[in-house]
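The lines below spell out each chain.
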Amino acid sequence: MKKQAINAHLSPEGQINIVQLEKKIKQINALILKVKARRIRYQNELDQQVVLKVKKQSSLLEKALSFFKLNTQSGVNR
Amino acid sequence: MDKIDQNDLTSSEQIVKNPYYQRLQEELKQKKRLEEFPQPFTDDAFVSQQTIYQTRNDKMEEVFEDKVELDQDKKEDLVFEKVDNIEMKWKNKPEDYTSESEHQKKTMKEFLSNGKQILRNLSHQINFKNRTPELKELYKHTLIESRSHNALMAVFSQFKAGVVGQILSWIGVPIQELKLLKEQAFKQAFDDNCAQMAHLIYNTELVELIKGKRVGKKTAKLYEIQINQLIKGMDLLGYKEYWSKSRILEEKITQCQRIEDEFRDELSRLDYMYDYCIQGNVTSS
């Protein structure tokens, strides 16, 4: 693929075609933007995953804390 | 015309009278006769058959070279000499040895030409010590294969690993070393799995980027199957849920970064080329 990208701007005689070169640069710029967008999307997804994980853990902790409080209250009452 | 006919006749007669042609005809006739009325096995035929077998055996003896090595202390008892190309003798005669019986001669001759006979009678004496490094590698390889996603292959490899492990312990490889080999094998398998996963994710991302989601659907599906196999393989290696969703996303981010870096490299190269061309045009004009 890289070879194709590099050779696309060459004429059959091996001379550099400036128009093709410009086109190629534009294409690669577009691809870079695409990759960047993709990477940011994945990063967001990962952040969401982490948030969900933390939320799940915090809810579990809250549950444990309430259970512990209940137990200690009943102990005090007794 | 007559002349030509006469010439043809003389040539055909010459061919018929040729002794080689006659001999061929006779042989063909004999073959036909034998096919029609098969003869009983005559003494001459039996002798000729025996000579054929004998020469074949002799050739086998000449060609045969066995790579199997026997234990040094037991090997000395079994060294024998060849006398007059036919007779065999013990070099180091055992104490209770009185005379060379026909059976002993026969077995010794068989040992020379038949590897299966050696395996059947002396397999317990085969020395694997020289092949220890090979066996260790084989042990590692079979251990890795035993954690394959393919159930049939995994079971067969487990059996193989057991056999190779047994041989290694017979040779005298300590159990600690075997455990170390096992650890090394699993670590290697883990590293391979991670590398393959990175490679596959890189490929899928690149295909989706360049071909688009619709066009590259088939290839992406193929990669997905392989990714699933790797996830299963990791589970079998003992790292359950190693490839969780978040870890796969992390890997995808790193691969996207890698692709971006590569594109940026190419872009800088093309930019340089473009600038160079423009400068050349300006100077020439």
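Visitor: Explain helix H8 (residues 151-171) of chain B here, please?
Guide: Three or four residues apart is the spacing at which side chains of an α-helix point the same way, because the helix has 3.6 residues per turn. Residue and element names in this part refer to chain B. Over its 21 residues, H8 runs 30 Å from end to end, which matches the ideal 30 Å to within 8%, given 1.5 Å per residue. Taken together, the buried positions of H8 are Ala-161, Val-164 and Leu-168. Mapping the buried residues of H8 onto a view down its axis gives an arc of 75°, with all of them on the same face. Set apart from the buried face of H8 by more than 90 degrees, the exposed residues are Ala-151, Leu-152, Val-155, Phe-159, Gly-162, Val-163, Gln-166 and Trp-170. Packing partners of the buried residues in H8 comprise helix H7 (132-145) and helix H9 (175-211). Phi turns positive, to about 120°, at Gly-172, one or two residues after H8.

Visitor: What is the right way to read the nonpolar core from this model?
Guide: Across soluble globular proteins, you tend to see nonpolar side chains buried next to one another. Of all hydrophobic cores here, the largest spans eight residues; its members are Tyr-139, Leu-143, Ile-144, Ala-161, Val-164, Leu-168, Ala-185 and Ala-189 of chain B. Non-local contacts of Leu-168 of chain B, meaning those with residues more than four positions away in its chain, are made with Leu-135, Lys-136, Tyr-139, Val-173 and Leu-178 of chain B.

Visitor: Hey, could you run me through the interface of chain A and chain B in this one?
Guide: Often, the extent of an interface is quoted as the loss of accessible area on bringing the components together. On the chain B side, the residues contacting the 22 residues of chain A number 20 residues. Elements with a contribution of two residues or more to the side of chain A that touches chain B: helix H1 (2-7) and helix H2 (18-77) of chain A. No other element matches H2 of chain A, which puts 19 residues into the side of chain A that touches chain B. Looking at side-chain class alone, the side of chain A that touches chain B contains eleven nonpolar, three polar and eight charged residues.

Visitor: I'm lost on the packing of H7 of chain B against H8 of chain B in this one. Help?
Guide: Packed helix pairs are specified by the crossing angle of their axes together with the interaxial distance, meaning the distance between the axes. All names here are of chain B. Between H7 and H8, the shortest axis-to-axis distance is 8 Å and the interhelical angle comes to 150°. Classified by the angle between their axes, H7 and H8 sit roughly antiparallel to one another. For the pair H7 and H8, the crossing hand works out as left-handed. Here Thr-132, Leu-135, Lys-136, Leu-138, Tyr-139, Thr-142, Leu-143 and Glu-145 of H7 lie close against H8, whose contacting residues are Met-153, Ser-157, Lys-160, Ala-161, Val-164, Gly-165, Ile-167, Leu-168 and Ile-171. Residues belonging to the contact of H7 with H8 are distributed by class as follows: ten nonpolar, four polar and three charged.

The rules behind each value
- Residues numbered from 1 in each chain as written.
- Chains lettered and ligands numbered in written order.
- Predicted model: local features only at pLDDT ≥ 70, side-chain atom pairs only at ≥ 80, totals over all residues.
- Helix = DSSP H or I, 4+ residues; strand = E, 2+ residues; numbered from the N terminus.
- Expected span 1.5 Å × (residues − 1).
- Buried ≥ 20, exposed ≤ 12 C-beta atoms within 10 Å, placed from the backbone.
- Arc of directions from axis to C-beta.
- Contact = placed C-beta atoms within 7 Å.
- Core = buried A, V, L, I, M, F, W, Y, C linked by C-beta atoms within 7 Å.
- Nonpolar A, V, L, I, M, F, W, Y, C, P; charged D, E, K, R; others polar.
- Axes fitted to C-alpha atoms, helices over the stretch in contact; angles between N-to-C directions.
- Parallel < 35°, antiparallel > 145°, perpendicular 65-115°, else oblique.
- Left-handed = near helix turned anticlockwise from the far one by under 90°.

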